[in-house]
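Each chain, letter by letter, is given below.
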Amino acid sequence: MSAAQGAADRHGATVGVAGSAADAVARCAADGVALVAIDLRLPALDVAEAVAQLRAAAPAAKILAGGPHVQRDSLAAAVAAGCDEVVTRGQFEGRLDALVAALAR
């Protein structure tokens, strides 16, 4: 969360937090979200279903997913689900900042 807030602050964007995929979908539909960051460590996350619902709610939104490098299955599932970018936790902050900067332009 601190990485997301820092990126938002640097580029004049706002951050919202959703506690579940359903909450994220509802926020995207209501708020015209431009970027969704998915933490692949969320318990019981069905990333394919979440991405499909997010795409339906906010078709133009970029989807960035991040997870531990040792959770190769989760990272592969996010790629297969159609996330725009899938990164390890170590890469997450840098990619998040770059994406927020590009969308803020």
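Source: prediction; values computed, not measured. (Residues numbered from 1 in each chain as written. Predicted model: local features only at pLDDT ≥ 70, side-chain atom pairs only at ≥ 80, totals over all residues. Heavy atoms only, no water.)

Chemist: Run through the packing of helix 1 (residues 2–11) against helix 5 (residues 89–104), naming residues and quoting values.
Modeler: Direction vectors running N to C along helix 1 and helix 5 enclose 30°, while the axes themselves pass 9 Å from each other. By the criterion of interaxial angle, the relationship of helix 1 to helix 5 is roughly parallel. Where helix 1 crosses over helix 5, the two elements pack in a sense that is right-handed. On helix 5, the residues touching A3, A4, A7, A8, R10 and H11 of helix 1 are E93, L96, D97, V100, A101 and A104. Residue classes in the contact of helix 1 with helix 5 are distributed as eight nonpolar, one polar and three charged. (Axes fitted to C-alpha atoms, helices over the stretch in contact; angles between N-to-C directions. Helix = DSSP H or I, 4+ residues; strand = E, 2+ residues; numbered from the N terminus. Parallel < 35°, antiparallel > 145°, perpendicular 65-115°, else oblique. Left-handed = near helix turned anticlockwise from the far one by under 90°. Contact = heavy atoms within 4.5 Å. Nonpolar A, V, L, I, M, F, W, Y, C, P; charged D, E, K, R; others polar.)

Chemist: Now, about the layout of surface pockets: what can you tell me, with residues and values included?
Modeler: Estimates place the volume of the largest pocket at around 1,000 Å³. Forming the walls of the largest pocket are 35 residues, and the residues nearest its centre are V15, G16, L35, V36 and A37. Among the elements of the structure, helix 1, helix 2 (21–31), strand 1 (35–39), helix 3 (47–57) and helix 5 are those that each provide at least two residues to the lining of the largest pocket. Take the lining of the largest pocket: its biggest share by element is six residues, from helix 5. In the lining of the largest pocket, the residues fall into 26 nonpolar, four polar and five charged. (1 Å grid on protein atoms, 1.4 Å probe; cavity = no way out; pocket = protein on both sides within 12 Å on 5 of 7 lines; lining within 4 Å. Points joined across faces, edges and corners; volume = space filled by probe spheres on them.)

Chemist: Lay out the nonpolar core with the relevant residues and their values.
Modeler: Counting residues in hydrophobic clusters, the biggest one holds 17 residues, and the most contacted among them are V36, I38, L40, V51, L54 and I63. When residues no more than four places from it in sequence are discounted, the contact partners of L40 are L45, V47, A65, G66, G67, Q71, S74, L75 and A78. (Core = buried A, V, L, I, M, F, W, Y, C linked by side-chain atoms within 4.5 Å. Buried < 20%, exposed > 50% of the residue type's maximum accessible area, 1.4 Å probe, protein only.)

Chemist: Lay out unusual backbone geometry with the relevant residues and their values.
Modeler: Its identity as a non-glycine residue notwithstanding, A44 has a phi of 60°, on the positive side. Along the chain, the position of A44 falls in the loop between strand 1 and helix 3. Overall, A44 belongs to the exposed group, its relative accessible area being 83%.

Chemist: Describe helix 3, listing the residues and the values that go with them.
Modeler: For helix 3, the complete set of buried residues consists of V47, A50, V51 and L54. Axial view of helix 3: buried residues confined to an arc of 95°, hence all on one face. Of the surrounding elements, those touching the buried residues of helix 3 are helix 2, strand 1, strand 2 (62–67) and helix 4 (72–81). (Arc of directions from axis to C-beta.)

Chemist: Can you tell me about the confidence of the model for the protein, naming the residues and giving the values?
Modeler: In this model, the protein carries an average pLDDT of 88, and 98% of its residues clear a pLDDT of 70 or more. Helix 4 holds the highest mean pLDDT among the elements of the protein, 95, whereas helix 5 holds the lowest, 82. (pLDDT = per-residue confidence, 0-100.)

Chemist: I'd like a description of helix 1, backed by residues and values.
Modeler: Looking at helix 1, one finds that the buried residues are A3, G6, A7 and A8. Those residues of helix 1 hidden inside the fold are in contact with helix 5. Positive backbone phi, at 70°, marks G12, one or two positions downstream of helix 1.

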